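As a plain string of letters, each chain reads:
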Amino acid sequence: MFTSKKTVLIVDDAALFPALKETVLSIAPEALVIQANDGNEALKKVMNQRFDLVITDLKLPKMDGKTLIQSFQTVPAQYKPTAVIVFSGEMSSENLRAELGAVTFVSKLAPPAEFVEVVRKMLGLAQSTASKPAKVDVAFINPFIDGVLNVLSTTANVQAKKENLFVRGNDQISGDVS
């Protein structure tokens, strides 16, 4: 465990907040997890409270994730976030990575275990061999799988079914994406 309560800000306008919050709390049960629906709201919160971790999408209303992260340079030192994860469906080019500096990128299409491990690392939490693995709800990844299947259907005329490719409703990973 950790000695002080971790604070996490999740910035996403999508319906992912409950699943992201559940995932963070499964890793750090005592964490305070706060939501911001857009970049402006997030920046206001960051200007008044120090967060151990900010998890943000790039596509946000009012202020995008890139501008939000760049705005962290104007935040008083005592409130600057300790770590930032860009959790996005569209992964950035190397140029964007260079512009944003010390930011960790995780694709929304990455295996949920990868997201869990990155959050654990960013919060400075070691995985205990005695603890049970963090639970990641299938609802966490299914909206993105639906999007990928829609793109495949539209652009490549591929009629794939989610249950045949990626995730079943009973939390089991299955299938072959080749």
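Our subject is the structure that appears above.
Just so we're clear, the structure is a prediction, and the values are computed from it rather than from any experiment.

Observations regarding the overall build of the protein
Argument step 1. Across its full length, the protein carries seven helices and five strands.
Argument step 2. Seen in sequence order, the protein has helices and strands lined up from the N terminus as β-α-β-α-β-α-β-α-β-α-α-α.
Argument step 3. Residues counted as buried form 43% of the 178 residues belonging to the protein.
Argument step 4. A fraction of 63% describes how many contacts in the protein between residues 6 or more apart in sequence connect residues 24 or more apart.

A word on helix α2 (residues 39–46)
Argument step 1. Regarding α2, the residues found buried are G39, A42, L43 and V46. With its buried residues spanning 100 degrees around the axis, α2 presents them on a single face.
Argument step 2. Buried residues in α2 make contact with β1 (7–11), β2 (32–36), β3 (53–56) and α3 (65–71).
Argument step 3. Where α2 begins, one side-chain oxygen reaches toward the backbone nitrogen of N40, 3.0 Å away; that side chain belongs to D38.

Quick notes on the rules
- Residues numbered from 1 in each chain as written.
- Predicted model: local features only at pLDDT ≥ 70, side-chain atom pairs only at ≥ 80, totals over all residues.
- Heavy atoms only, no water.
- Helix = DSSP H or I, 4+ residues; strand = E, 2+ residues; numbered from the N terminus.
- Buried < 20%, exposed > 50% of the residue type's maximum accessible area, 1.4 Å probe, protein only.
- Contact = heavy atoms within 4.5 Å.
- Arc of directions from axis to C-beta.
- Polar contact = N/O pair within 3.5 Å; in protein donor to acceptor, adjacent residues only side chain to side chain.

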